[in-house]
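# Working through the structure, step by step
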Amino acid sequence: MSTSSTENDPEDVNHRSFWMPGNYHRTVKRTEDAFQACNDIVTCFQERARVERQYALQLNEWHTKWKPVVDSSPLYGSLLKAWQCFLSSADRLASLHASICRSLVSEDADRVRTWQKDTFHKKLFGGFKESQDIETGFARAQKPWAKRLKKLDKARRVYHKVSRKEHAVKERDLHAQGNPDVSIDKQKKIQEERELAQQEAEKVRIRYEKVLEEVNKYVPRYMEEMESVFDQSQDEERKRIMFLKEAFLSIHKHLDITNNECAWGVYNELHNTLMGIDEQEDLRWWKNTHGPGMPTDWPHFQEFSPEKKAKKEKKEVEKQEVEKKGTIEKSVMIGGVRVRALYDYVGQETDELSFKAGEEFLKIEDEDDQGWCRGKKHDGWEGLYPANYVEVV
């Protein structure tokens, strides 16, 4: 290792090491840095809250724009229900993201602000009490150490100065010895200068080593006092890190809709609705509602009968009277059979009837090969129902 490299190493250590005077300021500054980080965190996630709010508004706008279009579309049955489910899902997701916005602002941001106010105490003339306490502790512990280092540096510089002088005299003495151009008296004088320089250098060296010994003896105490203050700073920083970790976890909980029961329910319902698209059922519904499966009073020969005509007119009068009273207790379908529900049934599709146990209505189509009948309720609603859920009255 060269001499220049050896001389540069201590300077590099002094520049970087925590133990050297003034280098504790980076640790003290952590308090101010943490305070600023809290401001940045609040601002950051308030902006994210605005993003969530804007997304919720856009979902609502999209739902409002397309709902009348979808409701009036030519699609029908399970396919229409699936399309409508996309819109209702968007409406529910809009509520969810609006809730996320509220949580980020009123819960997470307020929590950080409250903790920040309770943790950082501003001084009247700037800075924070917490950082001042740490800085005062470090300065008190480092003051005697800095004095000793200053004394040591002075002794080192004096020793190096004397050593350079001794080295120069040695070089002159070596050059003078055996040189016929230098007189004997001159050589003797140079030799005496060399001896004086060696004595002075030895004396200064002893003083330098004594000061160094005093500094090294003080090192354990200095380290203990500095580490005590540093541990105090570390303890405060640990609390800050732990709090911010909990704050980030809370924000994550609010943003992570993959574990949100509401979001899971929305997409699960949407998925089930899409999987429920049944082309056979939709085609059967269309056939029975708008196709050859519709009930029809086929043309037939009608014998003239005045009495029947009178009865028919009487029936029409009775029908008008019943409609005026708001109750329809007689079937308007020819060939209907009155049945009574044995169990409750909730229709799973748009072309199915829903009823309660004991409720009566008309069966207007016999059971098909899949065990379904078509019925009509008193309010005029028609639909399919399981044949084994009713009995003939």
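Computed from a predicted model, the values in this text were never measured in an experiment. (Residues numbered from 1 in each chain as written. Predicted model: local features only at pLDDT ≥ 70, side-chain atom pairs only at ≥ 80, totals over all residues. Heavy atoms only, no water.)

With that settled, the discussion passes to the pattern of salt bridges. All chains considered together, the criterion is met by 24 salt bridges. One salt bridge in this structure joins Glu 269 and Arg 92, with 2.6 Å as the shortest N-O distance. Placement of Glu 269 in helix α7 (residues 261-275) and of Arg 92 in helix α4 (residues 77-119) is noted, with a sequence separation of 177 residues between them. One salt bridge connects Lys 377 with Glu 359, and the closest N-O pair in it is separated by 3.1 Å. Of this pair, Lys 377 sits in the loop between β3 (372-376) and β4 (382-386) while Glu 359 sits in the loop between β1 (337-341) and β2 (360-365); the two residues are 18 residues apart in sequence, bridging distant segments of the chain. Counted as one network, the salt bridges with shared partners bring together Arg 338, Arg 340, Glu 360 and Glu 391. (Salt bridge = Lys/Arg side-chain N within 4 Å of Asp/Glu carboxyl O. Helix = DSSP H or I, 4+ residues; strand = E, 2+ residues; numbered from the N terminus.)

The next thing to look at is the side chain of Gln 116. Looking at where Gln 116 falls in the secondary structure, it is placed in helix α4. We classify Gln 116 as buried; its relative accessible area is 4%. Looking at Gln 116, its side chain comes within polar contact range of the side chain of Asn 39, at 3.0 Å. (Buried < 20%, exposed > 50% of the residue type's maximum accessible area, 1.4 Å probe, protein only. Polar contact = N/O pair within 3.5 Å; in protein donor to acceptor, adjacent residues only side chain to side chain.)

What follows concerns a nonpolar patch on the surface. Together, Trp 62, Trp 66, Val 69, Leu 75, Leu 79, Trp 83, Phe 86, Leu 274 and Ile 277 line one region of the surface with nonpolar side chains, adding up to about 720 Å² of accessible area. Among the secondary structure elements, those contributing two or more residues to the nonpolar patch are α3 (30-71) and α4. Inspection of the secondary structure puts Leu 79 in helix α4. (Patch = residues over 30% accessible without salt bridge, like charges linked within 9 Å, V, L, I, M, F, W, Y side chains within 5 Å. Areas by Shrake-Rupley, 256 points an atom, 1.4 Å probe, with all protein chains shown as cover.)

It is worth spelling out the side chain of Glu 130 at this point. Among the structural elements, Glu 130 can be located in helix α5 (residues 129-176). Here Glu 130 sits buried without a salt bridge, and the closest side chain of opposite charge, Lys 129, lies 6.0 Å off (N-O distance). Leaving out residues up to four positions away in the same chain, Glu 130 has contacts with Thr 31, Thr 119, Phe 120, His 121 and Glu 236. (Lys, Arg positive; Asp, Glu negative; His and termini not counted. Contact = heavy atoms within 4.5 Å.)

Glancing now at the packing of α3 against α4. Their axes nearest at 8 Å, the elements α3 and α4 cross at an angle of 160°. Taken together, the axes of α3 and α4 are roughly antiparallel relative to one another. Relative to α4, α3 is oriented so that their crossing is left-handed. Here the residues of the contact of α3 with α4 sort into 26 nonpolar, eight polar and seven charged. (Axes fitted to C-alpha atoms, helices over the stretch in contact; angles between N-to-C directions. Parallel < 35°, antiparallel > 145°, perpendicular 65-115°, else oblique. Left-handed = near helix turned anticlockwise from the far one by under 90°. Nonpolar A, V, L, I, M, F, W, Y, C, P; charged D, E, K, R; others polar.)

Quick look at the packing of α3 against helix α6 (residues 184-255) now. In contact at an axis separation of 11 Å, α3 and α6 are set at 5° when each is read in the N-to-C sense. Considering their axes alone, α3 and α6 lie roughly parallel with respect to each other. On α6, the residues touching Arg 30, Thr 31, Ala 34, Cys 38, Ile 41, Phe 45, Arg 48 and Glu 52 of α3 are Ser 233, Gln 234, Glu 237, Arg 240, Leu 244, Phe 248, Ile 251 and Leu 255. Of the residues contributing to the contact of α3 with α6, the split by class is eight nonpolar, three polar and five charged.

Moving on: the environment of Arg 157. Following the sequence through the fold, Arg 157 ends up in helix α5. Considered as a pair, Arg 157 and Tyr 208 are 51 residues apart in the sequence and their alpha carbons are 9.2 Å apart.

Below, the discussion takes up the sheet that holds β1. With respect to topology, five strands assemble into an open sheet ordered β4-β3-β2-β1-β5, the strand pairing being antiparallel. Only two strands of the sheet have a single neighbouring strand rather than two, namely β4 and β5 (390-392). Recorded for the sheet is a direction-independent mean angle of 45° between the axes of neighbouring strands. (Pairing = 2+ DSSP bridges.)

Take the confidence of the model for the chain next. Per-residue confidence for the chain gives a mean pLDDT of 86, with 89% of residues at or over 70. Highest mean pLDDT in the chain belongs to α3 (96); lowest belongs to helix α9 (residues 306-325) (50). Note on residues 308-312: pLDDT under 50 across the span, and zero contacts to partners over four residues away in sequence or across chains. Confidence over residues 324-333 falls short of pLDDT 50; this stretch has twelve contacts with residues more than four positions distant or in other chains. (pLDDT = per-residue confidence, 0-100.)

If you look at the biggest cluster of nonpolar residues, it comprises 27 residues, and the most contacted ones within it are Cys 38, Val 112, Phe 120 and Phe 243. Of all elements in the fold, only α3, α4, α6 and α7 reach the threshold of two or more residues within this core. Ranked by residues supplied to this core, first place goes to α4 with ten residues. Beyond its immediate sequence surroundings of up to four residues, Val 112 is in contact with Cys 38, Val 42, Phe 243 and Ala 247. Grouped together as the second largest cluster of nonpolar side chains are 21 residues, Phe 138, Ala 155, Tyr 208 and Tyr 222 included. (Core = buried A, V, L, I, M, F, W, Y, C linked by side-chain atoms within 4.5 Å.)

Here we come to the pairing of β1. In terms of strand pairing, β1 meets β2 through four bridges, oriented antiparallel. Looking at β2, one finds that Val 339 is bridged to Phe 361. Bridging between β1 and β5 involves three bridges; their strand directions are antiparallel. Considered in β5, the bridge of Ala 341 is made with Val 390.

Let us now look at α5. For α5, which comprises 48 residues, the first-to-last C-alpha distance of 68 Å matches the rise-based estimate of 70 Å (1.5 Å per residue) to within 8%. At Gln 142, α5 shows its maximal kink, close to 40°; a proline, Pro 144, follows between one and four residues later. (Expected span 1.5 Å × (residues − 1). Bend = angle between axes of the 7 residues up to and from the residue.)

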